[in-house]
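Below are the chains, spelled out letter by letter.
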Amino acid sequence: MNKVVHSADEAIYDIPDNAVLGLGGFGLCGIPENSISALIRKGTKGLTCISNNAGVDDFGIGLMLQTRQVKKMISSYVGENAEFERQLLSGELEVNLIPQGTLATRLLAAGYGMPAIFTPAGVGTEVAEGKEVRRFNDKDYLLEMAFEIDFSIVKAWKGDTHGNLIFRKTSRNFNPLIAMAGKITIAEVEELVPAGELDPDHIHLPGIYVHRIFKGSGYEKRIEQRTIRPRQ
Amino acid sequence: MLDKNGIAKRIAKEVKQGMYVNLGIGIPTLVANYIPLGMDVVLQSENGLLGIGPFPFDGDEDPDLINAGKQTITTVPGSSFFDSAMSFGMIRAGKVDLTILGAMEVSENGDIANWKIPGKMVKGMGGAMDLVASARNIIVAMQHVNKAGESKLLPQCELPLTGIRCVKKIVTELAVLDVLPEGGFRLLERAPGISTEQIRNATKGKLIVEGDIPEMVL
């Protein structure tokens, strides 16, 4: 059950061009920084990225947009990225915007082995176009399909050699869901310990969903909107 | 006429003891500043937190602790973290009592448009479609007219919709109105110094005025 690999480069070595990736994080919070850098070094192209956001111009998935490695983004909100906007308007980048809860629940469905879900989000809007609508208890719901992801890449706070993961504060966000949905799941962690050192009661995501794990380094953890209040 | 803080202050009066509340980005975020001290209210952030606290002191920012607007925040005692599926699960299941969000347009049957302006940059709907489809009570905080001076309270929305028949109440710089199930904006309160006539002139959708309309108490 030892799933440890020694570097980000080793973890992503077999991700081919045109793969469908899932990437954890919300904004720049809890993103797999080391793996994104490794994908840029490897130069993998034509990627479809399922991720709530698309990073900013010079960090996160935004870096892979600069190097033209992304063919398609599936996200709920992509508002902070000028290069993204340029590629979208020029037709270089394909974008599928979907409601945030729908994104989360389509990932959950994949990890729970369910082919589809019903959600009321988007009923009566352009999101509903071409989708089956079903009425339950006098309310309309859209049929939304579970995602199929080739490689999922997530960031956790602590992990063990079996791939069990613990996340920290709001950096949990999409990470366990992305992890559950991947055929192959790669986890990078700030702290990697031998199996048995983490309290089983404290595990957020069991290692059965994780195939490769490595200790990341040099985390920048950039803040998008630094908001503070004055000390009294 | 109310400024943004005035709108937030008026909406804060809709927040009651014991509520779980989701505040959107912009004016709704300001509502937190006017919830009375000592009132037990838990603020939900859809990126996975119940129990949003104030912004951190300078130097205490934690990059792993942000709200849905990606701002650094703190937590209050009794808070909890969870993943995004559970976050929208509790929203969908109707556990969140009140959702306060901004809008570009609201129609007289309660439709809302707040995520897309065709031909301009499209940023995405984020969690707005999920929130408006499931919240039990939705209050919209917005300006009564847009920058071009056109009413944002319309017979029908002209922009792409975020959700249908969901807005219950609207607070603007001019008025408090509720949206009637049979259609129409019913005027409940006037902002200080604003006449019913001014509100009528700024409202393109069907405005219902019954009797004398009181001025807001802030």
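**Student:** Can you help me understand the overall build of chain B in this one?
**Tutor:** Helices and strands together make up the secondary structure of chain B, namely five helices and 13 strands. Relative to a compact globule of 218 residues, whose C-alpha radius of gyration would be 17 Å, chain B shows 17 Å and is just as compact. For chain B, the C-alpha atoms occupy an extent of roughly 50 × 40 × 30 Å along the three principal directions. Expressed as a percentage of its 218 residues, the buried residues of chain B come to 58%.

**Student:** Looking at this model, I keep getting lost on the nonpolar core. Mind explaining?
**Tutor:** Note on soluble globular proteins: their nonpolar side chains tend to be buried together. One finds Val21, Ile100, Val140 and Ile170 of chain B to be the most contacted residues of the largest nonpolar core, which totals 46 residues. Non-local contacts of Val21 of chain B, meaning those with residues more than four positions away in its chain, are made with Val15, Val41, Val42, Leu43, Gln44, Val96, Leu98 and Ile100 of chain B. If you look at the next biggest cluster of nonpolar residues, it comprises 35 residues, including Leu21, Ile36, Leu39 and Ile61 of chain A.

**Student:** I keep staring at the pairing of strand S10 (residues 182-193) of chain A and nothing clicks. Help me out?
**Tutor:** Note on strand geometry: in a regular strand, side chains alternate between the two faces of the sheet. Residues and elements named next belong to chain A. Summarising the sheet, strand S8 (residues 149-160) and S10 pair through ten bridges and their orientation is parallel. Bridging from a neighbouring strand, Ser152 pairs with Thr185 of S10. When S10 meets strand S11 (residues 212-215), the two strands line up parallel, connected through four bridges. Along S11, the bridge assignment pairs Glu188 with Phe214.

**Student:** Could you clarify how one ought to interpret the interface of chain B and chain A in this entry?
**Tutor:** The parts lose accessible area when they come together, and the size of an interface is often stated as this lost area. Opposite the 47 residues of chain B that make contact, chain A presents 52 residues. Interface of chain B and chain A: buried area, both sides summed, is about 4,300 Å²; carbon and sulfur atoms make up 60% of it. The residue Arg231 of chain A makes a salt bridge to Asp60 of chain B at a minimum N-O spacing of 3.5 Å. Sorting the residues of the side of chain B that touches chain A by element identifies helix H3 (84-92) and helix H4 (128-134) of chain B as the ones contributing at least two each. A class-by-class count of the residues in the side of chain B that touches chain A yields 22 nonpolar, 13 polar and twelve charged.

**Student:** Is there a simple way to explain the state of the cysteines in this structure?
**Tutor:** Here, the word disulfide means a covalent bond between the sulfur atoms of two cysteines. Evaluated as defined, the whole model comprises zero disulfides over all chains. Counting only cysteine sulfurs, Cys49 of chain A is the nearest neighbor of Cys29 of chain A, a cysteine outside any disulfide, at a range of 19 Å. Cys166 of chain B takes part in no disulfide bond, and the closest cysteine sulfur to it belongs to Cys157 of chain B, at a distance of 9.1 Å. Its relative accessible area of 5% is what places Cys166 of chain B among the buried residues.

**Student:** Can you walk me through the side chain of Ser134 of chain B in this structure?
**Tutor:** Tracing the chain through its elements places Ser134 of chain B in helix H4. The contact partners of Ser134 of chain B, leaving out residues within four places of it in the chain, are Pro120 and Lys139 of chain A together with Ile91 and Arg92 of chain B.

**Student:** Could you clarify how one ought to interpret unusual backbone geometry in this entry?
**Tutor:** Excluding glycine, residues mostly have negative phi values, and the peptide bonds linking residues are mostly trans. All names here are of chain A. Although it is not a glycine, Asn18 adopts a positive phi angle of roughly 70°. The topology assignment puts Asn18 in the loop between helix H1 (8-11) and strand S1 (20-23). With a phi angle near 45°, Lys221 is a residue other than glycine that sits in the positive phi range. Topologically, Lys221 is positioned in the segment after S11.

**Student:** For this particular structure, what's the right way to read the sheet that holds strand S7 (residues 139-145) of chain A?
**Tutor:** Within a beta sheet, neighbouring strands are joined by backbone hydrogen bonds and run either parallel or antiparallel to one another. Residues and elements named next belong to chain A. The sheet built from three strands is open, its strands ordered S5-S7-S6 with antiparallel pairing. Strands at the two margins of the open sheet, each flanked by one partner only, are strand S5 (116-119) and strand S6 (133-136). If you compare each strand with its neighbour and ignore which way they point, the axes differ by 35° on average. One ladder, built from four bridges, connects S5 with S7; its direction is antiparallel. Looking across to S7, one finds that Ala116 is bridged to Met145. The sheet strands contacting helix H5 (residues 100-111) are S5 and S7, and the helix crosses S5 at an angle near 150°.

**Student:** Just checking my understanding: could you explain the pairing of S8 of chain A for this structure?
**Tutor:** Residue and element names in this part refer to chain A. Of all twelve residues making up S8, nine are buried, and the element is well covered by its neighbours. Judged from the three bridges that link them, S1 and S8 form a sheet pairing that is parallel. Within the sheet, the bridge partner assigned to Leu23 lies in S8 and is Ile153. As judged from the two bridges shared by S8 and strand S9 (residues 165-166), these two strands associate in the antiparallel manner. Of the residues in S9, the one forming a bridge with Gly159 is Leu165. What sits between S8 and S9 in their antiparallel hairpin is a turn of four residues, with Gly163 showing a positive phi close to 95°.

**Student:** Would you take a moment to explain the sheet that holds strand S12 (residues 185-190) of chain B for this structure?
**Tutor:** All names here are of chain B. If you trace the ten strands from one edge of the open sheet to the other, you get S4-S3-S2-S1-S5-S8-S10-S11-S12-S13, paired in mixed fashion. Either end of the sheet is taken by a strand with one partner, and the two such strands are strand S4 (75-81) and strand S13 (207-208). Here strand S2 (residues 42-45) runs beside strand S3 (residues 49-52); their pairing, made up of two bridges, is antiparallel. If you follow Gln44 over to S3, its bridge partner there is Leu50.

**Student:** What exactly am I supposed to notice about the pattern of salt bridges here?
**Tutor:** Side chains carrying opposite charge are able to pair once their charged atoms draw close together. What the rule picks out here adds up to 30 salt bridges over all chains. Between Lys131 of chain A and Glu144 of chain A there is a salt bridge; the shortest N-O distance is 3.1 Å. A residue pair is termed long-range when its members are at least 10 positions apart, and Lys131 of chain A in the loop between S5 and S6 and Glu144 of chain A in strand S7 qualify at 13 residues. Arg200 of chain B serves as the salt-bridge partner of Glu197 of chain B, at 3.8 Å between the closest nitrogen and oxygen. With Glu197 of chain B and Arg200 of chain B both in helix H5 (residues 196-202) and three residues apart, the pair spans about one turn of that helix. Judged by its relative accessible area of 46%, Glu197 of chain B is partly exposed.

So, how was this worked out
- Residues numbered from 1 in each chain as written.
- Chains lettered and ligands numbered in written order.
- Predicted model: local features only at pLDDT ≥ 70, side-chain atom pairs only at ≥ 80, totals over all residues.
- Heavy atoms only, no water.
- Helix = DSSP H or I, 4+ residues; strand = E, 2+ residues; numbered from the N terminus.
- Rg over C-alpha atoms; globule rule 2.2 N^0.38 Å.
- Buried < 20%, exposed > 50% of the residue type's maximum accessible area, 1.4 Å probe, protein only.
- Core = buried A, V, L, I, M, F, W, Y, C linked by side-chain atoms within 4.5 Å.
- Contact = heavy atoms within 4.5 Å.
- Pairing = 2+ DSSP bridges.
- Buried area = accessible area lost by both parts, 1.4 Å probe.
- Salt bridge = Lys/Arg side-chain N within 4 Å of Asp/Glu carboxyl O.
- Nonpolar A, V, L, I, M, F, W, Y, C, P; charged D, E, K, R; others polar.
- Disulfide = S-S within 2.5 Å.
- Axes fitted to C-alpha atoms, helices over the stretch in contact; angles between N-to-C directions.

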